[in-house]
Amino acid sequence: MSSPVTIAAFQNAHRLQVQSLYKRSLKLSLDWYIQRDIWRQKALQIRAQFEANKHVTNPKEMQALIKKTENELEEWAHPDPYKLPLGPEGTKWERNLPPIVHDAADHHH
């Protein structure tokens, strides 16, 4: 029989893995639905999918669901993910940086 510590560790690891999948699903959906009012409906659908499998307790079924979700996320990945304009690789990233000013006092010859 498994000890309570082993079961608790498995449950905690599983919870963190499911939370990560849920967060990745929401972030990935933002690549496809940029307008928040439309995205919100998709977010509710994603939440419903996760809630529908909340009752599963069999470790083999849980692993199969996680694998299925991982595969769906790979298939659903956007070829050109949305990037915030001011974020890294965004359209305004490092645009109009202030010029580098060298102080003449720093250069003693």
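This structure is a prediction, so every number in the text was calculated from the model and none was measured. (Residues numbered from 1 in each chain as written. Predicted model: local features only at pLDDT ≥ 70, side-chain atom pairs only at ≥ 80, totals over all residues. Heavy atoms only, no water.)

Caption draft 1: The arrangement of the overall build of the chain in detail. If you tally the helices and strands in the chain, you get three helices and zero strands. Listed N to C, the secondary structure of the chain is α-α-α in terms of helices and strands. Against the 2.2 N^0.38 benchmark of 13 Å for 109 residues, the chain shows a C-alpha radius of gyration of 23 Å, more extended than a compact globule. Each principal axis of the C-alpha distribution contributes one length, and for the chain these read about 80 × 40 × 20 Å. Classification of the 109 residues of the chain by burial places 17% in the buried group. Sequence-distant contacts, at least 24 apart, represent 60% of the contacts inside the chain between residues at least 6 apart. When the accessible surface of the chain is totalled, it reaches about 9300 Å², and 57% of it is carbon and sulfur. (Helix = DSSP H or I, 4+ residues; strand = E, 2+ residues; numbered from the N terminus. Rg over C-alpha atoms; globule rule 2.2 N^0.38 Å. Buried < 20%, exposed > 50% of the residue type's maximum accessible area, 1.4 Å probe, protein only. Contact = heavy atoms within 4.5 Å. Areas by Shrake-Rupley, 256 points an atom, 1.4 Å probe, with all protein chains shown as cover.)

Caption draft 2: Quick look at the packing of helix α1 (residues 4–32) against helix α2 (residues 36–52). At a closest axis distance of 10 Å, the pairing of α1 and α2 adopts a crossing angle of 155°. Here α2 runs roughly antiparallel to α1, going by the angle between their axes. Every pair of crossing elements has a handedness; the one defined by α1 and α2 is right-handed. Contacts between α1 and α2 involve V18, L21, Y22, S25, L26, S29 and L30 from the first element and R36, W39, K42, A43, I46, R47 and F50 from the second. (Axes fitted to C-alpha atoms, helices over the stretch in contact; angles between N-to-C directions. Parallel < 35°, antiparallel > 145°, perpendicular 65-115°, else oblique. Left-handed = near helix turned anticlockwise from the far one by under 90°.)

Caption draft 3: Structural context of helix α3 (residues 59–76). Here α3 is 18 residues long and its end C-alpha atoms lie 25 Å apart, about the 26 Å a rise of 1.5 Å per residue gives. Among the residues making up α3, those that are buried are M62, I66, T69 and L73. Projection of α3 onto a plane perpendicular to its axis shows the buried side chains occupying an angular sector of 65°, all on one side. Turned more than 90 degrees away from the buried face of α3 sit K60, K67, E74 and E75, all of them exposed. The elements touched by buried residues of α3 are α1 and α2. Near the N-terminus of α3, the side chain that reaches the backbone nitrogen of K60, with its oxygen 3.0 Å away, is that of N58. (Expected span 1.5 Å × (residues − 1). Arc of directions from axis to C-beta. Polar contact = N/O pair within 3.5 Å; in protein donor to acceptor, adjacent residues only side chain to side chain.)

Caption draft 4: Representation of the layout of surface pockets. Here the largest pocket is characterised by a volume of approximately 910 Å³. Around the largest pocket, the lining is made up of 29 residues, and of these V18, Q49, F50, E51 and N53 lie nearest the centre. In terms of residues, the lining of the largest pocket owes the most to one element, α1, which gives 10 residues. By residue class, the composition of the lining of the largest pocket is 14 nonpolar, eight polar and seven charged. Taken as a whole, the second largest pocket spans an internal volume of roughly 180 Å³. (1 Å grid on protein atoms, 1.4 Å probe; cavity = no way out; pocket = protein on both sides within 12 Å on 5 of 7 lines; lining within 4 Å. Points joined across faces, edges and corners; volume = space filled by probe spheres on them. Nonpolar A, V, L, I, M, F, W, Y, C, P; charged D, E, K, R; others polar.)

These results come straight from atomic positions and should not be treated as a statement about function.
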